[in-house]
Every structure is written in C-alpha cells, then in structure tokens.
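# Geometric and topological summary
Chain by chain, the residues:
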Amino acid sequence: MVLVAGFAVLFVGGGARFAIGLTLKSVVDDLGWGRSELGLAVALFQVVSAGCMFLAGRLSDRANPRLVLAGGLLLAGLGIGAMSLVAAPWHALVLYGVVFAAGNGAASLIPVSVMVTRAFPERTGLANAAVTAGMSLGQLVMIGVLAAVLVAIGWRSVFVWLGAAHLVLLPLLLGAIRGGGDRGEAHTRRAASGLTIREAARTRPFWALLAVYAICGLDDFFVSTHVVALAQDRGLDAYLAGNLLAVMGLTALLGVMAAGAWSDRAGPLWPAAASFVARLAVFGLILVDQSTVSVAVFGLVFGATFLVTAPLTVVFVATHFGSRHLGALTGLITMVHHIAGGLGAWIGAVTFDRLGGYDAAFALMLASNVVVLALLPLLRRPQVV
C-alpha cells in the first residue's frame, strides 16, 4: 500500500507539473503575453513549492507523511484547476505560483520518499525508483492525453482535467492511509541515527550535494518548461511537440529504474555521474544543430536523465548523514533544486524574449554540467573504518 499510494500521488503530480510546458505557447499566444510573463509564474512556483517541500519533509519526520500528502493533493487540485480561469499574468502568479505550488510541494517526492524509505530500509534505491517512476509514467500518460485535449478543446480544459485528477485521487489516498502503521514508523524514527541539518552543514558532502542538485534543477526545469515551445519553433505542430514531452516520460522511466537498481549495487555516485555526462552530450548537440531530429534526440536523451537524481537524494543523504532527519535534509536539498529550477525556467523565457532563441541558455547549461562533474568526487561513499 505504501508503494501504491506513493506511486499514485507522483503519477498525478508528474503530469501536473509538466502541464505549463505543454500549454506555454498556447497560453501566451491566446492571451497576448510574453513567454517571460508566464516564465515568472513558473519561477515563483519553483520557489514556493520548494519551501513547502522543506516544510513537508520536516512534518514527515514528526508525523504520518501520508497525511501531509493528502493535504497537498487537495490544495494542488484547487490551484491547478483554477488555472483554467486565468485572464491576466497576476492570476497565473497567484494560482500556479502560490496555490498550486504549495499543494504540489506538500504532495511531493519528499514525504513519499520518507514513507518508502521507512518501509524498505534494505532496497531503498530500487523502492524509491519504483515510486518515482510514477512521475515519469504520469508525464508519459497524462501529457499524452492532455496533448490531445489541448488540440481538441483548448488549453483551459487541460487545467480542468488536472484539477479533477487531483481531487479524484484524494479519497483513494485517504482510504489507503486508514490505520496505516504509525507505530512501526514511530519506532523507525526513534531507532534511526544521523546528523541534523546544522551538523551536516559542517561537512563538504552537504555543500557539494546542494550545488549538484541546484545545477540539476537549473537544467531540469529549463528543459521541461521550454522543450515543447522549442519543438514548435522548429516546425513540429502542437500535438507532436506535446507528445515529445510525453515520450520523454518513457525514457525517464527507463533511466530512473536503472539508476535505482544501480545505486543499490554500487552507490548513488555512478548513476548520477552517468546522467550528467549524457546531459553534457545533448546540450553540446543542440548548440550545434537544432533540426527537428536533433530536438527529438535532445528531448529523449535528456528525458532519460530527468528523474535519475530524484530517488538518489535519499540514498545520498542516508549514506552521508544517516536517516534520523531524512525528511528535513532531503527537503532542504530538493528545495534548493526547485529554487534553481525556477531560475532555469525564467532564464529560458528571458533569453528567448530578448535574444529570439535559447542558444545562450543552452551554453549556460552546458557549462554548469561541467561544474557538476568536478563536484561529484566529493560525494564518494565514506570509508568504513
């Protein structure tokens, strides 16, 4: 039931958080906005949801994380559904950037990871990869369906259907958490050992993790926000461009499951390094060739790396800092990831509006991935004395 509940929450959230990228061009063209105006709402979403992820992580250390998820689903459903009514940029700032962001931050990977890690202490990487696969399948299935909705009846209907999906899931989740093992979870929390945030901050791996995940977020949300618009700019119609984003969910599923199994055998460092090497390659490709084929290759290969670091977060934290404050530490790292992601989405929008293309942003992402590869050796598994 832990796996089913976590998978379902991330399936719906995985579709919802990509909807803004699917609808970006349609919204700004219909309402006469610049891409940077909607990009600002995405940036605010990243900051607010990041802060709420950190709070959700701390709550999950102290209470049943499944209750945190239920509250988040309700708020997220109301916020994303109301996006169907937007008429001015400030509406998107409030509804998407604040209301949906707060709910999405609570109903997120952080409380799901805490819940799953307590239930599966031996195969943590694979178990977290299995639920994280819900995000990639949600991207594949929901964005594929919503791309058809977008073409058939318009972008406003996309948000109506997403709001309904959140609210339909809520009673199912509440049924799943009825009588669910609080006593065992409380025992796990008491027995676990590990560093607090303040103690972890005195170590080099802590700061290396923050930097790596910040750069990862910069890449992730730049690409997820702008890849559909880029594909349309290069000649794909709205349906095919939307399905590129959806199929990226399939490659993300393959990547995240491979990374989870690999991390259980060899630790989290090698799958993380492989994903950033792949990103370097495709950012280099898209800088020299932006044909339709290259855009498709870029999207699919980047998609395979998109969720790799998500299940590795708890493995990195448990390896270097222990599990007692798992929610708070993973929440903090993910908060940094998402705040940087908001910056990435905004940089992409401003670059396009001012320079007429994404080349400068692609060059920045390429350089940032070189920095990540220099930082990763600091995250080698501690030697057992």
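Throughout what follows, the structure given in this document is the object of discussion. Please read these numbers as outputs of a predicted model, since none were measured by experiment. Residue positions within a chain follow its written sequence, with the count starting from 1. A pLDDT threshold of at least 70 governs which residues receive local features in this predicted model, and a stricter bar of 80 or more applies before side-chain atom pairs are shown or counted, although totals over entire chains, interfaces and linings include all residues. Water and hydrogen atoms were dropped before computing side-chain values, which therefore reflect all heavy atoms in the structure.

Moving on: the packing of aromatic side chains. Planes of paired rings set the category: under 30 degrees apart is stacked, over 60 is edge-to-face and the rest tilted, where pairs are Phe, Tyr or Trp rings (Trp by its six-membered ring) whose centres lie within 6.5 Å. Applying the stated criterion across every chain yields a total of 17 aromatic pairs. Between Phe45 and Phe100 the ring centres are 5.5 Å apart and the planes differ by 15 degrees, which places this aromatic pair in the stacked class. Remark: Phe100 occurs in helix 5 (residues 89-106) and Phe45 occurs in helix 3 (residues 35-62); sequence separation between them is 55 residues. Across the pair, Phe100 and Phe45 agree in class, each one buried. Each ring, one from Phe283 and one from Phe362, has its centre 6.3 Å from the other, and the planes form 45 degrees; the classification is tilted. Of this pair, Phe283 sits in helix 13 (residues 269-288) while Phe362 is found in helix 17 (residues 359-375), placing the two residues 79 residues apart along the sequence. Only protein chains enter the accessibility calculation, which uses a 1.4 Å probe; a residue whose area is less than 20% of its type maximum is buried, one above 50% is exposed, and one in between is partly exposed. The class for Phe283 is buried, based on a relative accessible area of 0%. For Phe362, a relative accessible area of 1% translates into the label buried. Following the ring pairs from residue to residue traces out a cluster consisting of Phe222, Phe283, Phe298, Phe302, Phe306, Phe352, Tyr358 and Phe362. Secondary structure is summarised from DSSP: a helix means a run of H or I of at least four residues, a strand means a run of E of at least two, and numbering begins at the N terminus for each.

Take the nonpolar core next. To qualify as a nonpolar core, a set must consist of buried Ala, Val, Leu, Ile, Met, Phe, Trp, Tyr and Cys residues joined through side-chain atoms within 4.5 Å. Core analysis: the largest hydrophobic core is formed by 86 residues, its most contacted members being Leu38 and Met83. Those residues in contact with Leu38 that lie beyond four places of it in its chain are Ile20, Leu24, Val27, Val28, Trp33 and Ala92. One finds Ile215, Val315, Phe316 and Phe321 within the second-largest nonpolar core, a separate group that totals 31 residues. Contact criterion: two residues are considered in contact whenever any of their non-hydrogen atoms come within 4.5 Å of each other.

Of the grid points, spaced at 1 Å and generated over the protein atoms alone, those admitting a 1.4 Å probe that cannot get out make up cavities, while open sets with protein on both sides within 12 Å along at least five of seven lines make up pockets; any residue with an atom within 4 Å of a point is treated as lining. Grid points are joined across faces, edges and corners, and a volume is the space filled by probe spheres set on the points. Summed over all chains, the structure comprises four cavities of 30 Å³ or more. Along its surface, the largest cavity is lined by 25 residues, and Arg17, Leu109, Met135, Ala310 and His338 are the ones closest to its centre. The class makeup of the residues in the lining of the largest cavity is 12 nonpolar, 11 polar and two charged. Taken as a whole, the second largest cavity encloses approximately 50 Å³ of empty space. Around the second largest cavity, the lining residues are Arg17, Phe18, Ile20, Gly21, Val42, Phe45, Gln46, Tyr96, Phe221, Ser224 and Thr225. Those elements that provide at least two residues to the lining of the second largest cavity are helix 2 (19-31), helix 3 and helix 11 (204-233). Among the residues making up the lining of the second largest cavity, the classes are represented as six nonpolar, four polar and one charged. By the convention adopted, Pro, Cys, Tyr, Trp, Phe, Met, Ile, Leu, Val and Ala count as nonpolar, Lys, Arg, Asp and Glu as charged, and the other residues, Gly among them, as polar.

Along the chain, the position of Ala19 falls in helix 2. The class of Ala19 is buried, set by a relative accessible area of 0%. Separated by 226 residues in the primary sequence, Ala19 and Leu245 place their C-alpha atoms 9.8 Å from one another. Ignoring any residue separated from it by four or fewer positions in sequence, one finds Ala19 in contact with Ile143, Val158, Phe159 and Leu162.

Attention now moves to the environment of Ala102. For Ala102, the position within the fold is in helix 5. For Ala102, a relative accessible area of 18% translates into the label buried. Taking the C-alpha atoms as reference, Ala102 lies 8.2 Å from Gly51; in sequence the two are 51 residues apart. Once residues lying within four places of it in the same chain are set aside, the contact partners of Ala102 are Val48, Cys52 and Leu75.

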